[in-house]
Amino acid sequence: MIRYLFSWTLLASTLTAAALQHYRPEQQAIVDTTSRLMMPNKHSIGAGHFSEWSRDNKKRFFIDWQASKESEWVFVMGNEGGDLDSMASALAWAYHLEHSTNNTSNPIKAIALLQTSMDALDLRPENRVALHNSKMTSGHEDLLTMDELPEDPENLSPKLKGIVLVDHASPLRKWNKAKVVSIMDHHVDQGTAPKAEPRIFEKTASCTTIVARQMLNELEKLPEEYHMPHELLELILAAIAIDSSGLRQATDADIQTSKRVLDRSRWHKRDLKDAMKELSKTLKKAKKDLDHLNVRDLLRRDWKGDFVDTPSPRTPTISLGFASIPYSLDEQIAKTGFGELFHWFSIHAAWTAATGVDIDICLNKYKTTDENGKKRKVREIVLTVRDDLRIDAEQADSLFKLVFEALERQEHLGLKMWHRAEELAVRQMVWTHESGAGRKAIRPIVDAAVMGWDM
Ligand SMILES: [Mn+2]
């Protein structure tokens with residue numbers, strides 16, 4: 001059965017070490033050397049066909065980059081949250097692009113890019129379990145991550161043949177200059193790249209469903225099918241299973257596609273719903289196993305951010321970040337070295353400084369039981385604004401006030417002051433609420449406020 005893999009390895013990034021010197025981490029997911037997850041240990045090379053392809057694919061990309069042939073490559077990228085859906089979608093489509101065009105007059109070189117740093121992948125234990133089950137190399141060395149890019153995305157993007165977006169609707173600002181050749185997504189269509197092909201938006205539980213269905217449709221039309229490794233099929237099933245809670249919250253497309261994938265996998269004799277339920281149970285259990293993570297890890301684990309344009313002539317773009325953390329602020333404070341409020345805010349400030357974020361919002365959630373024994377789901381919003389990156393103290397004060405008021409105006413959120421709010425410093429605020437609104441709801445409110453900021 002499924003086992004955890006406790007064998008970590010440090011990335012021996014000899015191929016990219018020189019290039020990384022020219023790399024500007026402040027615009028990127030940062031190269032984090034502090035994570036205690038990166039313990040050097042026994043190296044375990046992936047045994048599967050899929051791992052072999054993935055490693056060879058990455059090697060070929062670095063060799064081509066060194067020879068200034070990056071223009072031959074298509075990047076297939078998921079969103080920067082780097083969850084299992086983004087990872088499986090990107091890997092599946094890159095594999096498909098290469099293999100389906102292999103024996104044609106127009107072979108495509110395609111590589112999956114995971115938009116997190118390599119060690120951030122370990123902050124998602126469910127990804128670790130799924131990759132291990134798919135016999136991938138430990139430490140994710142088969143996969144290309146942001147901290148391994150030999151060039152800044154701003155410079156690299158116009159040189160690439162193109163990018164394929166999976167599991168997000170429009171590219172992050174730093175990829176703006178790349179040609180978007182295809183989009184497959186289950187978020188809201190933002191009208192990006194109207195001529196992309198394929199260009200599919202559909203409300204499925206998992207984006208991997210859309211990618212796998214397209215892949216199988218095209219595969220079945222080929223004069224001769226290429227080899228579809230069972231490790232990839234199982235990775236696809238894992239992504240769909242976790243996003244659909246074992247097909248309990250699935251669309252018809254999720255169900256039909258996972259059936260097609262299952263039929264080609266080693267589990268073809270198993271009942272679809274049983275297999276998916278079991279997968280989901282194992283992965284969800286792994287996903288909850290976060291108690292070993294420190295505050296910095298929790299801040300990085302599920303973080304999404306980008307630049308937002310403002311009408312301000314002085315500061316036309318602001319960097320905005322959103323973390324989702326499944327612990328209360330009190331629990332997080334208890335995890336800090338000193339176990340005190342000041343230490344949480346200093347760890348947080350070190351993270352936003354390193355990431356170059358002007359406004360950072362942490363969305364915490366936790367469960368509690370009230371005096372009547374009733375379970376309640378509580379959420380917190382932590383708002384902070386820095387005055388030492390793109391904006392000065394006066395601008396930061398006005399930006400803080402603007403976002404503060406924009407959030408407090410949302411009566412449906414029912415924001416209440418956090419019980420220790422009076423201990424907070426300037427440009428720090430914490431609220432609690434039980435409205436159920438998560439990042440999908442909060443982010444547009446903050447984005448809209450910042451887009452109207454002019455100072
Ligand atoms: Mn998704």
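Because the structure is predicted, anything quoted here is derived from the model rather than measured.

Novice: Can you help me understand the domain arrangement of the protein chain in this one?
Specialist: One frequent convention defines the size of an interface as the accessible area lost when the parts assemble. Assigned domains of the protein chain: these are domain 1 (17-287) and domain 2 (295-451). A straight line from the C-alpha centre of domain 1 to that of domain 2 covers 30 Å.

Novice: Could you clarify how one ought to interpret the UniProt feature "coiled-coil region" (unreviewed entry) in the protein chain in this entry?
Specialist: UniProt records the feature "coiled-coil region" (unreviewed entry) for residues 269-296 in the present numbering. In this annotation, residues 269-296 is assigned 64% helix and 0% strand; the end-to-end C-alpha distance for the span is 44 Å.

Novice: What am I meant to see in the sheet that holds strand β12 (residues 428-433) here?
Specialist: The strands making up a sheet are joined through hydrogen bonds of the backbone, oriented either antiparallel or parallel. The strand order across the open sheet formed by 6 strands is β7-β8-β9-β10-β12-β11, and the pairing between neighbours is mixed. Here the strands that pair on one side only, and so sit at the sheet edges, are β7 (303-309) and β11 (416-417). Sheet topology places β7 next to strand β8 (residues 317-325); 7 bridges connect them, and they run antiparallel. Of the residues in β8, the one forming a bridge with G305 is G321. Here helix α13 (residues 393-408) sits on the sheet and contacts β9 (359-369), β10 (375-385) and β12; the angle it forms with β10, its principal contact strand, is near 155°. Packed on one face of the sheet, helix α14 (residues 439-451) meets β7, β8, β9 and β10 and runs near 165° to β8.

Novice: Is there a simple way to explain the environment of E225 in this structure?
Specialist: With respect to the helices, strands and loops of the structure, E225 is situated in the loop between α6 (207-221) and α7 (230-243). A count of 13 C-beta atoms within 10 Å places E225 in the partly exposed class. Separated by 162 residues in sequence, E225 and I63 have C-alpha atoms that sit 28 Å apart.

Basis of the calculations
Residues numbered from 1 in each chain as written. Predicted model: local features only at pLDDT ≥ 70, side-chain atom pairs only at ≥ 80, totals over all residues. Domains from an automatic or database assignment. UniProt positions renumbered as here; feature names shortened; annotations may be inferred. Helix = DSSP H or I, 4+ residues; strand = E, 2+ residues; numbered from the N terminus. Pairing = 2+ DSSP bridges. Contact = placed C-beta atoms within 7 Å. Axes fitted to C-alpha atoms, helices over the stretch in contact; angles between N-to-C directions. Buried ≥ 20, exposed ≤ 12 C-beta atoms within 10 Å, placed from the backbone.

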